[in-house]
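Fold and geometry: a report
Each chain, written out:
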Amino acid sequence: PNEPIYVPKGERKINFDIPPNYVPEKYQAVAERILNRFGNEAQTSIRINPIAIPDLSVPLALSRQQSFSLFIPSHRKMANHLINIFMGLRTVEDLMSIATYCRDRINAEMFIYALSIAILHRPDTKSVPIPQLSEVFPDKYIESSIFHRAREEANVVPAGSRNPIEIPLNYTATDADPEHKVAYWREDLGVNLHHWHWHLVYPFDGPMVTVKKDRRGELFYYMHHQMMSRYNIERLCNNLPRVRALSNLREPLPEAYFPKLDQMVAGRAWPARPSGFLLSDLNRSVDNVKFDLTDLERYRDRILETIRTRRARNTQGQTVILDDFNGIDILGNILEASILSPDLNYYGDLHNMVHMAIAYCHDPDNRYLESFGIMGDPTTAMRDPIFYRWHEFVDLIFTEFKDSLPAYSVQQLNFPGVSVSEVRITTPGANPNTLNTHWTKSDVDLSRGLDFTPRGSVMARIQHLNNEDFFYTINVNNSNNREVMGTVRIFIAPKFDETGRHFTFNDQRLLMIEMDRFVTKLKRGQNIISRSSNESSLTIPFEATFRNVDQGRPSAENLFDFDQFNFCGCGWPQHMLVPKGTKLGFPMDLFVMVSNYELDKVDQQDSTGCRVGVSFCGLRDRKYPDARSMGFPFDRIARAGVGSMNEFLTQNMKIQNFTVRFNDEIRPQRRNTTQRISRQ
Ligand code: CUO
């Protein structure tokens, strides 16, 4: 039961042994030809057992031609119904059976969503990798014209000899729109996959939320806050100012976005949004979506009032105190909103509704029969510049609350007897304290998402940002007369703002991005800690996003192998760990803190699941493995008298200048996963 059920490796000849009534009516006539297509030459046959089919009328209400969105409450309800069915099945075989029955009947996106949630949460499918969304729905990530070229390639060239189809870096706009300078970041495949995966692991609605996820509201705050800081740093690297929050919903939106994506399943193009659009009240009976901008403003004001008083109310009319530690978790659930919100009616569903208001601004009353834009789907939302304006506002609300809490005292920050004397960054072959970035071209397989014959791999080749591997070296002195345990917390932030001025402590701390966090033993006396960038607690390995392209062309052997490498998909992509920097070198501060593990530790059993991407994604079925508030020590304002980073430091912290140098050339990805495998 702990082994993957079905491992696709290269090309295999597979027949399917499926109960006749499982095949939808319209395919009945050709069923035999499809299911048994390899006849006696098949290497494997997959057998599906017939079981009683549950009532699927609720999820079937959304047709296969409609677009599915988690942000639409009626769609969520249907998906939750399906998730409950998948979760309630007795065995993995029964799950496969019902999933097979649903596969060609249920709306495809809803089906993949519900099945992925079930696989992630059923105890008997812990080790089953969920389908990589970029391969199932490549149309959500990759420019539409490529699919015509892919079809041509597949028809003319036999599988195995096909060349990857190159996708240019700049296809959604030109630098005439300044916002386009950071399109490589917004449209990055790994960044978007991470965001989709995060929302799968931490849904805001549905049966999986009530299985209480530890600190999910707080993680909503922290993960999105960190993405915002990363995006703002990326903007500074590209000579753009930090994002201006979308605080006035009545102002025209100067940010335009033309996605150039097609939804193949629904057979429609994602609508574009020219510059200057206005949000308006929504009234779309077809989606059961109806709300006014005034409603949103009322929810916002109630949330701000809750922050001012640090008191929320619940459905029973009781007061819920937002305390120093749990307040942020409650606020995260109020703001998103999740069904864990103390009072969904009173506080509304602010974050999700503004996603919707933006997604429907081109057709708020459905008079043109248009569906939602890319802000209406967590899979695609991060491509749009407006995403960051809205999330900057969400982040401001969180910051408003965090800034009302008392600052950390020296005592809370300190680790008696432990001091950090030196920290440095080493990139092999480069100057000390330099990080190097460049472009890389990597491949993704489109074929699972292409419904045409002949079959076999068709690869798209994508150009993306990447960084050279590097190490941190940290010298720590332990003057206690015994061994102690410490948590090493590594952050980086830019030194100068958009006008070239040194950041104040308060502005710089908000841009501190986490790079790594790990627990280590500190023996008495001097300790030299060396840590590789590939071990980061933030990231998933390069190969979890891309097919390996060591030799320039993927082969059946180096396609990634689920047996050895049971990837867990949630986590920041390794290739986006380091901001782009600049050609001349972008000046940043490296911050390292060693905190007292006695105050950090969470007593619980070791996790058996994924141990990658933990900083943003937590551990499956376990508490978040760090007792401190997320973002510690930068989640609070500075104590009195601290105006600069130097003044903030206690003896268990150290900062170091470094630069990030961008080389505007394409370099191949080195194999870097060995360390990661042994760590697991
Ligand atoms: Cu992740 Cu707005 O929460 O998209």
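Residues numbered from 1 in each chain as written. Predicted model: local features only at pLDDT ≥ 70, side-chain atom pairs only at ≥ 80, totals over all residues. Heavy atoms only, no water.

**Re the sheet that holds strand E13 (residues 471-478)**
- An order of E10-E13-E16 is seen for the 3 strands of this open sheet, with the pairing classed as antiparallel. Strands with a single pairing partner mark the edges of an open sheet, and in this sheet they are strand E10 (418-426) and strand E16 (525-532). Strand-to-strand, the axes of this sheet are offset by a mean angle of 15 degrees, without reference to chain direction.
- Bridge analysis of E13 against E16 gives 8 bridges, and the strand direction is antiparallel. Within E16, the position partnered with Asn477 by the bridge is Gln526. (Pairing = 2+ DSSP bridges. Helix = DSSP H or I, 4+ residues; strand = E, 2+ residues; numbered from the N terminus. Axes fitted to C-alpha atoms, helices over the stretch in contact; angles between N-to-C directions.)

**A look at the pattern of salt bridges**
- Inspection of the entire model under this criterion finds 42 salt bridges.
- Linking Glu297 and Arg250 is a salt bridge whose minimum nitrogen-to-oxygen distance equals 2.8 Å. Taken together, the residues span a long stretch of sequence, with Glu297 in helix H12 (residues 293-309) and Arg250 in the loop between helix H11 (216-237) and strand E4 (262-263) at a distance of 47 residues.
- Under the relative-accessibility criterion, Glu297 is labelled buried at 16%. (Salt bridge = Lys/Arg side-chain N within 4 Å of Asp/Glu carboxyl O. Buried < 20%, exposed > 50% of the residue type's maximum accessible area, 1.4 Å probe, protein only.)

**A short note on the packing of aromatic side chains**
- As enumerated under the stated definition, the model contains 31 aromatic pairs in all.
- Centroid distance Phe86 to Phe111: 6.4 Å. Interplanar angle 80 degrees. Geometry classified as edge-to-face. On the criterion of sequence distance, the pair formed by Phe86 in helix H3 (residues 73-88) and Phe111 in helix H5 (residues 108-121) is long-range, its members being 25 residues apart. Summarising the burial analysis for this pair, Phe86 and Phe111 share the class buried.
- Ring-pair connections join several aromatic residues into one group, and the members of that group are Trp185, Tyr222, Tyr231, Phe387, Tyr388, Trp572 and Phe616.
- Just above the ring of Tyr101 sits the side chain of Arg105; from NZ or CZ to the centre is 3.8 Å.
- Between Arg313 and the ring centre of Tyr346, over which it is positioned, the NZ or CZ distance is 3.9 Å. (Phe/Tyr/Trp six-rings, centres within 6.5 Å; stacked < 30°, edge-to-face > 60°. Lys NZ or Arg CZ within 6 Å of the ring centre and 35° of its normal.)

**Focus on the pairing of strand E20 (residues 653-666)**
- Examined bridge by bridge, strand E11 (residues 434-445) and E20 share 5 bridges and lie parallel to one another. The partner of Leu435 across the bridge, within E20, is Val660.
- As judged from the 8 bridges shared by strand E19 (residues 586-596) and E20, these two strands associate in the antiparallel manner. Residue Leu590 lies in a different strand from E20, and its bridge partner there is Gln656.

**Considerations on the nonpolar core**
- Residues Phe86, Ile142, Ile474 and Phe591 are the most contacted members of the largest nonpolar core, which totals 190 residues.
- Once residues lying within four places of it in the same chain are set aside, the contact partners of Phe591 are Arg489, Ile490, Phe491, Met512, Pro633, Phe634, Met645, Phe648, Leu649, Met653, Lys654 and Ile655. (Core = buried A, V, L, I, M, F, W, Y, C linked by side-chain atoms within 4.5 Å. Contact = heavy atoms within 4.5 Å.)

**Concerning the environment of Pro254**
- Looking at where Pro254 falls in the secondary structure, it is placed in the loop between H11 and E4.
- Along the backbone, Pro254 and Pro274 are 20 residues apart, and their C-alpha atoms lie at a distance of 8.3 Å.
- Aside from chain neighbours lying at most four places away, what touches Pro254 is Arg244, Ser275, Gly276 and Arg389.

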